[in-house]
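Given next are the chains, with one letter for each unit.
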Amino acid sequence: MQRATRKTEKLDFPFAIINIILLLLFFFIVTGSIVGKNETSVAYQTAVWYWMTQRGPGTMTPHDAMVNSRGFGETIRSINGSLECNGGNPAQVQSRVAAYNRFTSILGVSPGGNLSC
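My aim in this report is to walk through the structure given alongside it, one point at a time. (Residues numbered from 1 in each chain as written. Predicted model: local features only at pLDDT ≥ 70, side-chain atom pairs only at ≥ 80, totals over all residues. Heavy atoms only, no water.)

Side note on the overall build of the chain
Phase 1 of the analysis: Along its length, the chain carries five helices and zero strands.
Phase 2 of the analysis: Counting only residues that meet the buried cut, the chain has 34% of its 117 residues in that class.
Phase 3 of the analysis: Once local pairs closer than 6 in sequence are excluded, the contacts in the chain between residues at least 24 apart make up 42%.
Phase 4 of the analysis: Carbon and sulfur atoms form 56% of the exposed surface of the chain, whose accessible area is close to 7800 Å². (Helix = DSSP H or I, 4+ residues; strand = E, 2+ residues; numbered from the N terminus. Buried < 20%, exposed > 50% of the residue type's maximum accessible area, 1.4 Å probe, protein only. Contact = heavy atoms within 4.5 Å. Areas by Shrake-Rupley, 256 points an atom, 1.4 Å probe, with all protein chains shown as cover.)

Below, the structure written as structure tokens:
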């Protein structure tokens, strides 16, 4: 009987930091909404669940967008879709991209490509 083996991949440290920051940003967005507004553990769990499992209006989860080098813009699409992307609210998209660039600058890492949706 053959045992299944799990493929392990080396995780790039700056990428891991960016992913954590994006997850925390999403957490703060969720805590401002009705879901989990008064229960931070529920809000955090909801943010992690959405980040890891839900495509929203996009083509992949926000997590998959980052680990598959689709860029920050695809995370915006996965979370907010046409509300912001494809000309829905370009000022909000630029605000998110500027905040993301500030975080990556503070961490001293490259923001990568595909920053906008």
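So, next bit.
A short note on the pattern of salt bridges
Phase 1 of the analysis: The final tally for this structure, using the stated rule, is three salt bridges.
Phase 2 of the analysis: Put simply, Arg-70, Glu-74 and Arg-77 are held in one network by salt bridges that share partners. (Salt bridge = Lys/Arg side-chain N within 4 Å of Asp/Glu carboxyl O.)

Details of the environment of Pro-90
Phase 1 of the analysis: The topology assignment puts Pro-90 in helix 5 (residues 90-107).
Phase 2 of the analysis: In this structure the C-alpha to C-alpha distance between Pro-90 and Ser-116, which are 26 residues apart in sequence, comes to 9.2 Å.

Here's the deal with the state of the cysteines
Phase 1 of the analysis: Across all of its chains, the model carries one disulfide by this definition.
Phase 2 of the analysis: Each sulfur of the disulfide joining Cys-85 and Cys-117 lies 2.0 Å from the other. Negative torsions about the S-S bond denote left-handed disulfides, and the value of about -95° found for Cys-85 with Cys-117 makes this one left-handed. Note that Cys-85 is positioned in the loop between helix 4 (72-80) and helix 5 and Cys-117 in the segment after helix 5, a separation of 32 residues in sequence.
Phase 3 of the analysis: When its relative accessible area of 21% is taken as the criterion, Cys-117 is described as partly exposed. (Disulfide = S-S within 2.5 Å.)

A short note on helix 4
Phase 1 of the analysis: In terms of residue burial, helix 4 counts as a mostly covered element, since seven of its nine residues are buried.
Phase 2 of the analysis: Taken together, the buried positions of helix 4 are occupied by Phe-72, Gly-73, Glu-74, Thr-75, Ile-76, Ser-78 and Asn-80.
Phase 3 of the analysis: Positive phi appears at Gly-81, one or two residues downstream of helix 4, with a value of about 50°.

Some words on the packing of aromatic side chains
Phase 1 of the analysis: This structure, assessed with the given rule, holds two aromatic pairs.
Phase 2 of the analysis: Plain terms: the ring middles of Trp-49 and Tyr-50 are 6.4 Å apart, the flat faces sit at 70° to each other, and that makes the pair edge-to-face.
Phase 3 of the analysis: Ring geometry for Phe-72 versus Tyr-100: centroids 4.2 Å apart, planes at 10°, classification stacked. Placement of the pair is Phe-72 in helix 4 and Tyr-100 in helix 5, with a sequence separation of 28 residues. Across this residue pair, the class does not change: Phe-72 and Tyr-100 are buried. (Phe/Tyr/Trp six-rings, centres within 6.5 Å; stacked < 30°, edge-to-face > 60°.)

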